[in-house]
Structure formats: C-alpha cells, structure tokens
Amino acid sequence: MDLNLKVWRQAGPDAPGRFETYAMRGVSEDMSFLELFDVLNEQLEGRGEEPVAFDHDCREGICGSCAMMIGGRAHGPETGTATCQLHLRKLVDGDTIAVEPWRAAGFPIIKDLAVDRAAFDRIVEAGGYITAPTGSARDANEILVPKEAADAAMDAAACIGCGACVAACPNGAAQLFTAAKYSHLSLLPQGQPERYTRVVALVEETERWFGSCTNHGECEKACPKEISIDFIALLNRDYVKAQLKNRALTGQKR
Amino acid sequence: MTTLDAKIPAGPIAEKWDNHKFSAKLVNPANKRKFEVIVVGSGLAGASAGATLGELGYRVTMLTFHDSPRRAHSIAAQGGINAAKNYRNDGDSVHRLFYDTVKGGDYRAREANVYRLAQVSVNIIDQCVAQGVPFAREYGGLLDNRSFGGAQVSRTFYARGQTGQQLLLGAYQALARQVHLGNVKLHNRTEMLDLVVKDGVACGVVARDLITGEVRSFSGHAVVLATGGYGNAFYLSTNAKASNVTAAWRAHRRGALMANPCYTQIHPTCIPASDDFQSKLTLMSESLRNDGRIWVPRDAGDARSPDQIPESDRDYYLERRYPAFGNLVPRDVASRAAKREVDEGRGVGPLKNGVYLDFGAAIARLGRSVIEQRYGNLFQMYERIAGEDPYTVPMRIYPAVHYTMGGLWVDYNLMSNVPGLYVLGEANFSDHGANRLGASALMQGLADGYFVLPATIGDFLAPLLGTEPVPTDDPAFREAEAAVGEQVRRLLSSTGSHPVDHFHRELGKILWDNCGMTRTAESLDRALTDIPALRDEFWSDVRVLGENESFNQSLEKAGRVADFLEFGELLVRDARHREESCGGHFRVEHQTEEGEALRNDDDFAYVAAWEWTGDSARPTLHEEPLAFENVALAQRSYK
Amino acid sequence: MTHTQEVSTADHRGGADDADRLARYTGPPIPVRRPRHPVLRFWSTAVGKKWVMALSGLALLGFVLAHMVGNLKLYLGESHFNEYAEWLRDLGEPALPRTVLLWGMRLGLIAAFGLHIVAAAQLTRINHKARPVQYQSHRDYVAANFASRTMRWTGVIVALFVLFHLADLTWGNANPDFVPGDPYDNVIASFQRVPVAIIYIVANLALAFHIFHGAWSMFQSLGWNNPRWNAVRRYFAATFAAVIAIGNISMPLLVVTGVVTK
Ligand SMILES: Cc1cc2nc3c(=O)[nH]c(=O)nc-3n(C[C@H](O)[C@H](O)[C@H](O)COP(=O)(O)OP(=O)(O)OC[C@H]3O[C@@H](n4cnc5c(N)ncnc54)[C@H](O)[C@@H]3O)c2cc1C
Ligand code: FES
C-alpha cells in the first residue's frame, strides 16, 4: 500500500520544527507503524539524511516507550492500541497522515518525535509507592485481598506510562496516569496506611508538570490499555477526603 | 587455563546460605552511607538491587539507557514467577524447585546457587505482595497459582498476562521512593560504555548521556551490572529492540570472564516473521500448547489453505513422535521439531516459515467461549499482529530466540572475577544451567537484587571503610573516557554505504543459521569465518549519520552492534568447543538415537568461562567444575 | 547478647532536592505556590478548584432550574407571574424580615458565580501553560465533544448574558420600557424586541451546552462515580440541559412570535 507521511522534524529541544512529507510506496500492510518508520529511516540514511528519532523498545505494547500523535490521535486510529501495535492494515491506502510528537509542557521534545517523559517518574517518586522495605514483609497469604479488589487494582496497574493520556487531553493533564497509579495502590489493603498522604502528594506533584482535568474523557479513549476515567473520580474523591478526614483517628499517616 | 573458585560455602546445601550470611562481614548501619555503589540497569535485578541498597543506606547511583527505569525489558515478561510456597499443597518444596531447576538446566548449573534461589523465592512473593503487586487472587482473597512450562506442581504466581510489568513496577516504585529520599541518584537515558578497572579492582564506569552526548565518569566502591541478556545478537528475537550486550561485553574486555555464552533459549511459540522488515518477534504464551494442536501438511509444498487440507493430509508431528508428552514437550524439543518441519519444506504461511497451532479441535470440544476465556487476550494479540482470526484460521507459530542463560561469570556472592564488579539478573550466567525453566528468570532477577546482593556486598565493602572512591580524574578513568570518545568518533567518521541495521541483520542471520536451534561443527566453523569478515566489513562500510552532541539513535545502535559483532564470535566459539548437547545447546553430532540432546558429563560438566585476550587473539578458557552432590545426573526423555 | 542500634534508613541524606532526584533535565516545572493554610492549599490545586467548580456549579444548576420553573408562570398570565415575583420577596417571612432571604440567596449566587468563574479562569491559565505549543496538525477528537471543548466560550457567553439580563429585567437600564414593580410587562416588552429575543435564545443555547458537559463533569469532579449508575449521569446532564433549553427558550420565542402577549 501507499502512504504519505507528514512527519514532524525538530533537530533539538529548542530548535524550530516543521513537517516533512515522505511518500512511502508499496509498503506491506502487515507492517507495524514503527516498522514503517524503520523503512523510512533506512531510506533516509541511504540518502544521507538523518533518520527520524522516535522512542520505542518492546514493540509489543507493554513498555510504554512508543509515542506518536498519528492523524491527530494519540497512538493512531485504533483504540486500545499502542503505536507499536498499530498495523498498516488498519490505515487507509493512499492516505496522508500527520505524525507529531506528544505536546505538553511536562514532555519537552528531545528530537523529532522523541519527548522526555521523566515528569512521570517525578510523580511516582512523590508518592506512587507503598513503603515496604525489603525483608520486612510477612507471609504473602496473610494479607487477604478480595479478588474484586485485586482485579480492580490490576485494571489500574495495567498503565504502561506512555503519556497518551496527556497527549490526548485538550488540557495536557496527566490525571489518568496519576489516577491509575493512585488507584492501583489504594485499592489494595497494603496501600491503606499511606492512602491519604499519597493522594495529596500525587496530586500536587502532578500539577507541577501537567494541566488540569476538566473531564473531557479523551484520555480514556487514547489509552492503549483502556484505563477507565472512573479512577479519576476515585482520585478526586479521595483528595477531598484527605482534606476532611481526621487521619490520626482513622489510622492514616498524616 | 585455570580452575575457577566459585567460593561456595561449606556445609550441607540447605544451610550454606544461612551460614554464609552469618560469616560475611557487615557494614555498620551508620557507615553504609560512606559507600558509593553504582548500579547499571533498572530491570527487575537492577531496580530491586538499587532500591534495597538505598534502603540499607548505601549511596546508590543508578544508570539506565531507558527514559524511565520502568521501561526495562523485564516489563515484557508475561507468564509468571515461580516460588516454592507450596500454597497448593501439591508436594512442592524448596528442594523440589531446586531439583526441577537443576534438572531443567540439564545439569549445567551450580547446585549451591540454585538451592539459594529456591530458598529466597519464598521471600520474593512476600516482598512483592507487601509492595502492592496485584497478583491474581482466589475468591477467598488468597493468592492464585498456575502450573507453567510443564511443571508438575502449581508454583507460578501471576498478574494476568503482565507479571513482569507488575513486578517491575513494584521494584521501580521502591526505587522511586529511594530516589525521593535522596538515597539513589537516577541517571536515565545514560548508557554505560565502559567499565573502569584500577589495580585489578572495578572502580567505576564511563557512560554517555544519550541526549547531550556528554561522556561522563561515575566512580564508586563497587559496580553492579544488571544489564539483561544478549538475545538480540540474533537480531530477530523476543527481546526489546534496545536490549544489548554492551555493558557486559565492555566489562569482559576489561577482564571479566564471559561464561557459557552458547546457552541460548529458543521459545517455540512466537509469531513468525511476516516480511524482511520485521523488526522483532512476538512471543505467544506457552500455555497455548495446552489446548492447541501443532501440525503441518504431510507433503512438502502443499499450498492449500489449512481448511482445505483434510485430516489425512495433516501431520501432527509432535503427537506422532512424542506420544506421551505430545504437544507439551519441553521448549527445546518443540522448537527443534518445528525447525525440522520447516527445513524440510513443510512450513506454512506466505513465507513457509511456520507451523500451525490449531484450536479447531479444542473449540469443537470445549466451545468457543471456553477458549475465549482461557486465551482471549492472546488471540486478540495474534489477530492484531498477524491479521488473521485464530478462532477460524489456525495460528502460525515458529520458534524464536528468547532468553540467554550465559553471561558474565560470577561466584556465589554474584561477584565476577574482577573484584568489586557484581553481576545480577539475566546478565550473569548463574542459575539456569543450559536451559531455563519458564517463570524462573523473574525469580532469579529479584532474588539477586532483593536478597542476594544486599547480603553479600557488605563483605566486600566492609574492609574498604575509610577509603574514598577513585577520583574520576584518575588516569584509569581518563583512559576509559578517551577510549569511549575514540569509538564514538570512529563510528561517526565512517563513510560507508550501509546503515547499522544491515549489519545487525546479517549477523543475526549468521548466528541463527549456524548457531541457532541446532549446531554442527561445520556450521560453527563457517560462522567463525563469517563473523570476523562481517565485522571488518562493518568497520569499513557502515554509515552512521548525525553527530555526537545530540540525541542520536543510529550512533547508539552502532555501538551496540559493534559489540554484538565481537560477542557473536565468542558465542560461536563457545558452542564449537562444547562437544556435547545440553539444554539450549544442541550439537547435531551429539544426540541420542531418538534425537534427544546427549550430554557428555565426563568431559563437559563444567562452566566454560572465557577470558578476553585482545582484539585479534583467541580468548582463553577457564573452567569451573560442577559437582552434583544433591541431584543425580540423568538423561531426559519425553517419549 | 548484642544490641544493635536502630537506625532509620529514611533520611540519610536529609531529603533530596529536584536537582538531586534526577541529575538530568526534565524541563522546568509549571510554577505553583502552595500556601500553608489547608483551605488555601486545597484551593491552590486544580483538583481543589474543580471541586469548588462542581459545588458552585451544583448551586447554579439549582438556581437555573428554580429560575426557569418560576418564570414559566409567564404562561399562567400576568397576575400569577407578578404574584410569584412578590412571593420571592416575602420568602422567609415571618422568621426573617422581608427580602432578607432573597438577598441571602442573591449573595450566595454571586459567590457561586464568582468562585465558578475565578476557578475556571485560573484553570484555563494552568492549561495554557501545560501546553504552550499546540498541535500543528488537525486533532481528531474521540470523546471530547463540542460541549466539553467550548466550556470556556459558553461560560463567557452565559456570564455576559447574565449581566445583560440583569440590566434588562432587574435594573432596567437595558430596557427602555422598564417599569419598576411590573415584571410581567417588562418581560413581554423586552422579548418583543427581535434582537433581544435572539440574544436570549442564543445565550440559553450556550447555557444548555454548558450544562450538558458541566452537569456530567460535576459528578466526576466530586468523585461521584459508580458503574451502577454511571450511565445515568449522562442522561441526567442531557435531560437537564434539554429541559433548561426548552423551558427558557420557549419564553422569548413565544413572545417574539406573538403567541404570548401583554
Ligand atoms: C517476551 C518475554 C517474556 C518473558 N516472560 C517471562 C516469564 O513469564 N517469566 C520469567 O521468569 N521470565 C520471563 N522472561 C525473561 C525475563 O523477562 C528476563 O530474563 C528478565 O526480566 C531480565 O531482567 P534483568 O533485570 O536481568 O534485565 P532487563 O530487564 O533486561 O534490564 C536491563 C536493564 O539494563 C539497562 N542497561 C543495559 N545495558 C545498559 C548500558 N550499557 N548502560 C546503561 N543501562 C543499561 C537497561 O536500560 C535496563 O534497565 C521473558 C522474556 C521475554 C523476552
Ligand atoms: S514499543 Fe513498547 S509499548 Fe510500544
């Protein structure tokens, strides 16, 4: 099939950027979108032009490295699919497709399509953990976790940290990421002691980098793991609770 | 050739680890902060080590080439993690896990290490649950288990099909907490390109900032490598694209011994390549073989679509050749059998490079909904990649490189022969012998990082109290920085005509064809001439564009492929020297009449650890003899 | 027996600053001040502001509904309508002096409007900072709808309209035929002017769009989320918006078309 790629090229963080159009002729529809870029890059290198920089690693939709705004949608037109898992057969032969990097203040562009997502690490560092120093744990089966809670926590924990939620959000908010991290830990019994300190820490740190959630719901649709915005509601509710609870008397860390 | 001392503690196997921990020197809690430890790699092994060392109070510097520690390749593991909890009451025990691992490794692993691994496996699950890893649960709230990879007990803990992800997130979050507290300094997108050794002791690393190109030294009292496996030497593998051997290989060039590089594991159920542009292969869980039947057309060149081929023209070759185990024979046996069918022209699919894994019978017997419940997400993944609906068209599968048992040689303390250099996780050679059991790599990585290293590193550090790390302006650092700079300059000044990937693909082809699922003296000799030739061609004909001072992925790749081109030769040399078949190493010359791997315990019951002797010199072989005192050596059979 | 001293591993290095946490560049954070006082601190976060917006929005929804219900008395004729207006002033009697409760409600409304608008303005500023460079190609939205993406415009339209509405029918300066104390005639006179009727219709359409997203969004911001009745939230918002739109638009429409006259 044939595709025209309009790819954002930007030499460095502060350099000006522009779209370059590349005509891809006779590519196989079994290719993944990243393999299309491999082919493009080999062609570019053959012509002595610098290849397009883009993040990728596992190419199975789990590491969260790949990140492209494809045709105005984070990770492209197929729902529940990361860029690396998008195959050309899902695109329309002959189309022109614009490919841009994630755009958000918290994700500065490094080069071309590669952005720096370390702000997500800052969020987790601020409180996205359960304090459990190695060696201090009791037998795993002494903690009973209702299956429903484990399943719900897993639904949230499926987040791959790709940043599509931020990219897709009209406000550049990272609420879905933070809510997923928060819910994963706070739905489990192990996560209760730090529940309310966690929610405050996570919310405040998130807002140092990202915009505010105004409930567009766009993130949910862009998420390659289809994580629900129900978790955002949980985050919001617990954030208010954290202000109102007498934590000392409810056994919560202050 | 010298004989290596693995420093295995004396005493009965069940007491070795406890005794050893007791006799190791300790660092006083208040003094731990006086030690600087460099951890390279943030996968399960590295992240768990970094977090634990930070909790203990050591000052940790952490390097990873990933943009976040959470993206390390461990994230991709699907199936699960083993532990000898015996929650199922089905006869499991530390001893059984130990036994299964030694046997599964075809008697080429070090008993004492494996026993320790089985012992701490129990603590790993406790630790992970405490951190909030959402393992699958029963309705009563207790942990669920499944049986995995043909094990006879259910000892595998899992979190949907994303166990590696959840375990890594647990370790990463513990690490993040230490970063927040200031005990760990994290350097992401920073790639280690050399090990610095002064007076025979590891004292730091030289790394390149992947965004700015700055080459920088990090100095510490000890260096820990947890940099993963080298499966990508084969180009096409199930490993993440960036997985590479550079850190280990650079350490090897600085004196660390490389052990058993020829032990590579091939996974039988991967989705075959669809075209020449295929960049990596995707693994499909082995559990599919529980219900799927594997077959090929009886006649070579049969081009009919699968639904047109009647039962009488199909060959269910595993069921035919291994009536007892059928489709559930171990990974290596299933892989070699598939290769044979494809090599003999009975492969299926547009490129004739796969075999069918057919669920037709299972769907007819159990109904579509049961199959959907069991494998729904896998079927979806297959459909997405292959574009065919496995409920109606049989899946096509083919083996692919998946895991590497070999790696840097380490002693019982996980320290390499270079004092101060520790190696953890898939990067070391330690616990799996010639073949790894399913769900045991995650276990090993976490055992190394959470429990083993933190207990053994003190013994090395304690005597160093009061010494400062070697300053980074020491000539040893300067020399290593210069060497790294020179390599970068050399790659960038290349003016050849082929991009890096071309050479990587070629190397992969050489290794896969000559040193893949089956190996012969002849094929290995061929590889031993082809690889150096390709390496020369690389240096004269590669083309790397761009500059050092910015994000340059071609340059990153070029450095990694350059190291694969050196390492690949050692891999083949090791395979050539090992005149036996064992586990993932199958020499056609050495097989039983039934076509099974035939070990030679008299001559090869040792770990082959190779020493670098210079660019054009042959490496020197060192041996660590393996003694089997607790498990009796036996021949495998699956008929 | 040996005694080992307990040493906390928590703060060996006394916490870490940003530079220490990641010795690498991540781009500058969005500058925010976090006051110490818990109430101000809550207000300083976007989640806090959204909560305030949700609660004030809830109050405004109540007002809009009550306002519409009351005004529909227009169709019952002049005396009913004017009686209703009087009743509003009497509300709370005899417990409270006349018009005190009305003024209390007015102040409450002003506060709700004020908080709603200030929070919205501040969130908009935050969101601009969160994406200083817009996408350069066409966005293809999936979930974010016209209503959700135009909240700030429909909000501004409604705010301006409220001022006009007050000037028109409360203060009278935008209504040449204004007679204090004769609300029914004032309304009819005002709506009989075609441009004014159009203003009312357009503004109420904007209000309906605003409510369509806002009344749903409110649930999320307050964290009122339960899969069992999540679907109901959408119906609620849509119905609410439709009722308000139909009720409020019917009045200028029927007056300007001459169906309802003095
Ligand atoms: C598809 C797949 C499925 C699997 N499923 C299972 C399973 O179900 N159960 C199981 O037990 N095992 C499984 N495995 C194997 C297992 O995942 C790996 O063996 C294990 O995760 C390796 O962990 P590690 O910490 O040693 O290395 P990795 O996770 O590979 O981490 C390596 C780290 O080192 C860093 N690094 C490497 N080189 C450098 C350098 N030069 N400079 C700086 N940083 C560097 C990387 O950035 C990365 O952080 C699977 C493997 C694959 C490929
Ligand atoms: S490359 Fe790993 S998720 Fe796409």
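See the structure printed just above.
Basis of the calculations
- Position numbers for residues count from 1 along each chain, tracking the sequence in the order it is written.
- Following the order in which they are written, the chains are lettered starting with A and the ligands numbered starting with 1.
- Note on the predicted model: pLDDT of at least 70 is required for a residue's local features to be given, and 80 or more for side-chain atom pairs to be given and counted; whole-chain, interface and lining totals, by contrast, use all residues.
- Only heavy atoms go into the side-chain values, all of them from the structure, while hydrogens and water stay out.
- Here, residues are in contact when the closest pair of their heavy atoms is within 4.5 Å.
- Two parts placed together each lose some accessible area; with a 1.4 Å probe, that loss summed over both constitutes the buried area.
- Salt bridge, as applied in this entry: a Lys or Arg side-chain nitrogen positioned within 4 Å of an Asp or Glu carboxyl oxygen.
- A run of DSSP states H or I qualifies as a helix once it reaches four residues; a run of E qualifies as a strand once it reaches two. Both are numbered from the N-terminal end.
- The nonpolar class holds Ala, Val, Leu, Ile, Met, Phe, Trp, Tyr, Cys and Pro. Asp, Glu, Lys and Arg form the charged class, and all remaining residues, Gly among them, are polar.
- Relative accessibility thresholds used throughout: buried, under 20% of the residue-type maximum; exposed, over 50%; partly exposed, between the two (1.4 Å probe, protein chains only).
- Pairing between strands requires that DSSP locate at least two bridges from one strand to the other.
- Here an axis means a line fitted to C-alpha atoms, over the contact stretch when the element is a helix, while the angle between two N-to-C directions is reported on a 0 to 180 degree scale.
- Throughout this document, a residue counts as near a molecule or strand when at least one of its heavy atoms sits within 4 Å of that molecule or strand.
- N or O atoms closer than or at 3.5 Å make up a polar contact, with two conditions inside protein: a donor-capable atom paired with an acceptor-capable one, and, for residues adjacent in sequence, both atoms drawn from side chains.
- Surface accessibility in these figures is a Shrake-Rupley result with a 1.4 Å probe; residues are shielded only by whichever protein chains are displayed.

A. Just the interface of chain B and chain A, in detail. Of the residues lining the interface, 77 residues belong to chain B; the matching set on chain A comes to 81 residues. Of all residues in chain B, B:Arg71, B:Arg137 and B:Arg384 give up the largest surface area on contact with chain A, accounting jointly for 11% of the area buried on that side. Inspection of the chain B/chain A interface yields 6 salt bridges. The partner of A:Glu42 in a salt bridge is B:Arg505, with the nearest N and O atoms 2.5 Å apart. Looking at the side of chain B that touches chain A, the elements that each hand over two or more residues are α2 (44–56), α4 (111–131), α5 (163–181), α10 (368–386), α11 (441–461), α13 (500–515) and α15 (553–577) of chain B. Among the elements that take part in the side of chain B that touches chain A, α5(B) stands out by supplying 9 residues, more than any other. Its residues placed into classes, the side of chain B that touches chain A shows 32 nonpolar, 26 polar and 19 charged.

B. View of the environment of C:Glu83. When you line up the elements, C:Glu83 lands in helix α4 (residues 78–90). Looking at C:Glu83, the relative accessible area reads 53%, which means it is exposed.

C. Molecular detail of the sheet that holds strand β15 (residues 395–404) of chain B. Residue and element names in this part refer to chain B. Strand order across the open sheet formed by 5 strands is β11-β15-β14-β12-β13, with antiparallel pairing between neighbours. Every interior strand has two partners, whereas the edge strands, β11 (264–270) and β13 (314–315), have only one. Note: strand β12 (residues 293–297) against β13, 2 bridges, orientation antiparallel. The residue bridging Pro 297 from the neighbouring strand is Arg 314, located in β13. Most of the contacts of helix α8 (residues 331–346) go to β11, to which it runs at about 70°, and overall it touches β11, β12, β13, β14 (355–358) and β15.

D. Quick look at the site of ligand 1. Residues and elements named next belong to chain B. Neighbouring residues of ligand 1: 37 residues in total, closest Thr 64, His 66, Ser 74, Met 192 and Glu 426. At 2.7 Å, a side-chain N or O of His 66 approaches an oxygen atom of ligand 1. Between ligand 1 and the protein, one listed contact pairs a nitrogen atom with a backbone N or O atom of Met 192 at 2.7 Å. Contact with the protein chains covers 98% of the free accessible surface of ligand 1, which is 1000 Å². Contributing elements (two or more residues each) for the shell around ligand 1: α2, β6 (190–198), β15 and α11.

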